[in-house]
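What the coordinates show
For reference, the chains in residue letters:
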Amino acid sequence: MTPPQITVLGECVADAFTEPAGTRNELALRVLPGGGPANTAVALARLATPARFLARLSGDVFGRLFRAHLEASGVDLSYAVEAAEPSTLAVAELDTKGQATFSFHAQATADWQWTSAELAGVDLADTACVHTGSLALVKEPGAVVVEDFLAAAGPRATISIDPNVRPLLVHPEVYRARLAHWCGLADVLRLSEDDLELLLPGTPPEQACDTWHAAGARLVVITRGADGALASLDGERVQVPAVATQVVDTVGAGDSFTAGLLHHLGTRGLLGGRLTDLRIGDVEAACLFATQVAALTCSVAGPNPPWESQLARFATEKTVAQHLDSTH
């Protein structure tokens, strides 16, 4: 079955990674296109889901890089706005486990300046799911415009939200204050265990799921890195293991997981509306697929999700390895 279209709304950020420089007085940066929503749109397109990205792309050097990257991955930019403002820059420092800490240069940049007029003409007739999240939902002045767009899209499309809390740029309290409202808009809420700790400190994952179900989200998925993922559908839970991989870094892994989850649900005709036909077995299968997408993203540098052909090859190699293990 051909997957239905998924429309992603949000930021595209220049992720700059520090590299060894020629002298002690220099800092070399390697810049890759990133940003949670952009990463998800790229991952969806590479998995062969028709992915449309609603973004405000600057005409600066970073914006031109974003546009080339998105188009090369097959993302539809027909509704992208050509923005006058500069691009957002995030400088990443990696620890010994490949986990990234970001510092942001995001004041008055293109990503946050959405107006109602810019989104008013977007045609969602062929869109089964609208996904957004991260800073686009909390950075003013555009945050309320994005929320209004989700509310208008809700009667037609499944709504997916990934909070992707960035405490160095926006205080977690801002996310907490809006989260119940987002759950009222969302059918799918995907977040990391780091997000959970920032949003509901000290709360067990199962209890957090019930809180967000009560606020309106039918499907809650909490990704837990090497410990896999916990998914809860109206309170019915399943845990899936992570896929073992050689981790280069974890940048973009959560975004790729979300793309894998939505792609899998879409290919089975389960997106569109309120997920009324979704069962816990469908959720488990989608999460198992999503962990493979995330694992392949972790195996390379930066937010570089796998193509459909790479994923198929990975699945075949894993099956062969499991067979060889079972015969010895």
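Residues numbered from 1 in each chain as written. Predicted model: local features only at pLDDT ≥ 70, side-chain atom pairs only at ≥ 80, totals over all residues. Heavy atoms only, no water.

1. Looking at the pattern of salt bridges
Following the criterion strictly, the structure yields 8 salt bridges and no others. Of the charged contacts, one joins Arg-56 and Glu-85 as a salt bridge, the two residues approaching to 3.0 Å between their closest N and O atoms. One end of the pair, Arg-56, is in strand β5 (residues 56-58); the other, Glu-85, is in the loop between β6 (81-83) and β7 (88-94), with 29 residues separating them in the sequence. With a closest N to O distance of 3.0 Å, Asp-210 and Arg-237 form a salt bridge. Taken together, the positions of Asp-210 in helix α7 (residues 205-215) and Arg-237 in strand β14 (residues 236-240) put the pair 27 residues apart, joining distant regions of the chain. (Salt bridge = Lys/Arg side-chain N within 4 Å of Asp/Glu carboxyl O. Helix = DSSP H or I, 4+ residues; strand = E, 2+ residues; numbered from the N terminus.)

2. Let's talk about the side chain of Gln-5
The residue Gln-5 is located in strand β1 (residues 5-9) in this model. Using a relative accessible area of 16% as the deciding quantity, one classes Gln-5 as buried. At 3.5 Å, the side chain of Gln-5 and the side chain of Arg-52 are in polar contact. Once you skip the residues sitting within four places of it in the chain, Gln-5 turns out to touch Pro-50, Arg-52, Asp-76, Asp-126, Thr-127, Ala-128 and Cys-129. (Buried < 20%, exposed > 50% of the residue type's maximum accessible area, 1.4 Å probe, protein only. Polar contact = N/O pair within 3.5 Å; in protein donor to acceptor, adjacent residues only side chain to side chain. Contact = heavy atoms within 4.5 Å.)

3. Considering the pairing of strand β2 (residues 13-19)
In regular strands, side chains alternate between the two faces of the sheet. Within β2, 5 of the 7 residues are buried, which leaves it mostly tucked inside the rest of the structure. Of the strand pairs in this sheet, β2 and strand β3 (residues 28-34) are connected by 7 bridges, and their pairing is antiparallel. For Val-13, the partnering residue across the bridge sits in β3 and is Gly-34. Across 5 bridges, the pairing between β2 and β7 is parallel. (Pairing = 2+ DSSP bridges.)

4. What to know about the pairing of β14
Two elements, strand β13 (residues 229-233) and β14, share 5 bridges in a ladder whose sense is antiparallel. Bridging across to β14, Ala-229 finds its partner in Val-240. Counting the residues in the hairpin turn of β13 and β14 gives 2 residues, including Asp-234, whose phi is positive at 50°.

5. What to know about unusual backbone geometry
Of the consecutive residues Glu-140 and Pro-141, the connecting peptide bond is found in the cis state with omega at 10°. The phi dihedral of Ala-108 is positive, around 55°, even though this residue is not glycine. With respect to the element layout, Ala-108 can be found in the loop between β8 (100-105) and α3 (116-120). For Ala-108, a relative accessible area of 49% gives the class partly exposed.

6. A closer look at helix α5 (residues 172-185)
Here α5 spans 20 Å end to end across 14 residues, near enough to the 20 Å set by a 1.5 Å rise per residue. The largest bend in α5 comes to about 45°, at Leu-179. Tucked into the core, α5 has its buried residues touching α4 (143-153), β10 (158-162), β11 (188-192), α6 (193-199) and α7. (Expected span 1.5 Å × (residues − 1). Bend = angle between axes of the 7 residues up to and from the residue.)

7. Points about the side chain of Thr-203
Following the sequence through the fold, Thr-203 ends up in the loop between α6 and α7. A residue is classified by how much of its surface remains accessible, and Thr-203, at 17% relative accessible area, is buried. For Thr-203, the side chain forms a polar contact with the main-chain oxygen of Leu-200, separated by 3.1 Å. For Thr-203, the contacting residues outside a window of four places in its chain are Leu-196 and Ala-208.

8. Here's the deal with the sheet that holds strand β12 (residues 219-223)
The strand order across the open sheet formed by 8 strands is β4-β1-β9-β10-β11-β12-β13-β14, and the pairing between neighbours is mixed. In the strand order of this sheet, the two ends are held by β4 (51-54) and β14, each with one partner. Averaged over all pairs of adjacent strands, the angle between their axes in this sheet comes to 15°, without regard to strand direction. Sheet topology note: the strand β9 (residues 127-133)/β10 ladder contains 5 bridges and is parallel. Residue pairing in the sheet places Cys-129 in a bridge with Thr-158 of β10. (Axes fitted to C-alpha atoms, helices over the stretch in contact; angles between N-to-C directions.)

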